[in-house]
Amino acid sequence: MFTPTMSRRAALTVAFGLAALLIEPARAQDTFKIGLIVPMTGGQASTGKQIDNAIKLYMQQKGDTVAGKKIEVILKDDGAVPDNTKRIAQELIVNDKVNVIAGFGITPAALAAAPLATQAKVPEIVMAAGTSIITERSPYIVRTSFTLAQSSTIIGDWAAKNGIKKVATLTSDYAPGNDALRFFKENFTAGGGTIVEEVKVPLQNPDFAPFLQRMKDSKPDAMFVFVPAGQGGNFMKQYAERGLDKSGIKVIGPGDVMDDDLLNNMGDAALGAVTAHLYSAAHPSQMNKDFVAAYKKAFNNRPGFMAVGGYDGIHLIYEALKKTGGKTDGDSLVAAMKGMKWESPRGPISIDPETRDIVQNIYIRKVEKVNGELYNVEFATFEAVKDSGKTKK
Ligand code: PHB
């Protein structure tokens, strides 16, 4: 191979090239890469920040080596624009050779990445989005967030059983809003309730004021609200400005509108709001108390439900890698994730082995003042709730 005419320099180059080839695969095997795609800018930025924070916290607590592999998180901001999500997922899979893609702040982003996960056999860990159909879009999708069906069915029943007869609904006009509306309506009307007004607001930069006047005029007992994480503060500001709190129209819904990272700044207009959800910063377990204290210390804010989706998502990845003994192919990882059970700051959770979706407690909570701060105080628990919103087979 080395002819006598070959220069010393050329020979060295070849030798280095060969050495690099030998070293490279070894290094690649020792690193496990997670491509984290979340909105860090734009209207959904609070979701990305909560997930990024929670993953940083988890890795600080548990270290960054699992089954002999160094975990590397590559954070990318998609601004919650699905075209960006798709392009970024492609780059992460093809160029960075990530072992897992994760995050996904909104449903359209999770759906945009699904065909790539299937094609590349790379697990897609959904830590935020909540439309039921998502896990049906790829056998490589596993979810640690929630579905809107889980909480909206329960608040629908609760409203009908607790003296609420007439409800006006306000929902964000895209897939999870439509799930929330459908599952609330089915259960509330089956229990004898009536919907007196139904409005849908745009996902991007919604102005709630014109809709709130219509709500007020329809004189409901309560208004059912779904807006995605990050929008609750603005919604409650406009709700108070229009005097809906003074008219005695209580807010009910899934808990997204009362997200803990915004709740304490909403003011007294939020008092008495009853929502059904997976997580409250006031959840009284020791594990949650420790989680909230550590998160506050590190980031100077309360964790909300998106932080918990991220914390559990990274835990799922760590535990799957341990269970496979460091095998990193998508099929082995997803098989390891199916049926996994653990205690989360939100309570006991598991991954349904049939659907790869999360099974979790749903709590009914009321906003109350505790030591001068607003909290969602849990007062009823529905245990091990599965998603009921998938396509009927
Ligand atoms: C979603 O787009 O699926 C989504 C986002 C934020 C939420 C709930 C659902 O709070």
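One can find the structure itself at the top, above this paragraph.
Calculation notes
Residues numbered from 1 in each chain as written. Predicted model: local features only at pLDDT ≥ 70, side-chain atom pairs only at ≥ 80, totals over all residues. Heavy atoms only, no water. Near = heavy atom within 4 Å. Polar contact = N/O pair within 3.5 Å; in protein donor to acceptor, adjacent residues only side chain to side chain. Buried < 20%, exposed > 50% of the residue type's maximum accessible area, 1.4 Å probe, protein only. Helix = DSSP H or I, 4+ residues; strand = E, 2+ residues; numbered from the N terminus. Arc of directions from axis to C-beta. Contact = heavy atoms within 4.5 Å. Salt bridge = Lys/Arg side-chain N within 4 Å of Asp/Glu carboxyl O. Expected span 1.5 Å × (residues − 1). Axes fitted to C-alpha atoms, helices over the stretch in contact; angles between N-to-C directions. Left-handed = near helix turned anticlockwise from the far one by under 90°. Nonpolar A, V, L, I, M, F, W, Y, C, P; charged D, E, K, R; others polar.

Enquirer: For this particular structure, what's the right way to read the site of the ligand?
Expert: In the region of the ligand, 15 residues are neighbours, and Thr-107, Gly-130, Tyr-174, Ala-229 and Asp-256 sit closest. Interatomic distance of 2.5 Å between a side-chain N/O atom of Thr-107 and an oxygen atom of the ligand. One of the side-chain N or O atoms of Tyr-174 is found 2.7 Å from an oxygen atom in the ligand.

Enquirer: Is there a simple way to think about helix α8 (residues 232-241) in this case?
Expert: The periodicity of an α-helix, 3.6 residues per turn, causes residues three or four positions apart to be oriented the same way. The set of residues buried in α8 consists of Gly-232, Phe-235, Met-236, Gln-238 and Tyr-239. Each buried residue of α8 lies within a common arc of 165° when the element is viewed along its axis, so the set occupies one face. Check the buried side of α8 and you find it contacts β7 (166-172), α7 (209-217), β9 (222-226), β10 (250-254) and α9 (260-263). Once α8 finishes, Gly-243 follows within two positions and takes phi at roughly 75°, a positive value.

Enquirer: So what exactly am I meant to see when it comes to the pattern of salt bridges here?
Expert: Should their charged atoms come close, side chains of opposite charge can pair. For the structure on display, the rule yields 17 salt bridges. Where Arg-302 meets Asp-260, a salt bridge forms, and the shortest distance between an N and an O atom there is 3.2 Å. You can see Arg-302 sitting in the loop between α10 (286-299) and α11 (305-323) and its partner Asp-260 sitting in helix α9, a full 42 residues away along the chain. Considered together, Arg-302 and Asp-260 belong to a single accessibility category, that of buried residues. Shared partners join several salt bridges into a network, and the residues in it are Arg-143, Asp-357, Asp-387 and Lys-390.

Enquirer: Before we go on, may I ask you to explain α11 in this structure?
Expert: Spanning 19 residues, α11 covers 27 Å between terminal C-alpha atoms, matching the ideal 27 Å at 1.5 Å per step. Taking burial as the measure, the 19 residues of α11 include 16 buried ones, the bulk of the element. One or two residues past the end of α11 sits Gly-325, with phi positive at roughly 65°.

Enquirer: Which parts of the structure should I look at to understand the packing of helix α5 (residues 148-161) against helix α6 (residues 175-190)?
Expert: Contact geometry for α5 and α6: axes closest at 7 Å, N-to-C directions at 35°. The handedness of the crossing between α5 and α6 is right-handed. Only Pro-176, Asp-179, Ala-180, Phe-183, Phe-184, Asn-187 and Phe-188 of α6 make contact with α5, whose side of the interface consists of Leu-148, Ala-149, Ser-152, Thr-153, Ile-155, Gly-156, Asp-157, Ala-159 and Ala-160. Here the residues of the contact of α5 with α6 are counted per class, giving ten nonpolar, four polar and two charged.

Enquirer: For this particular structure, what's the right way to read the environment of Gly-243?
Expert: The residue Gly-243 is located in the loop between α8 and β10 in this model. Residues Gly-243 and Lys-216, spaced 27 residues apart in sequence, show a C-alpha to C-alpha distance of 8.8 Å.

By themselves, these are just geometric observations and shouldn't be taken as functional.
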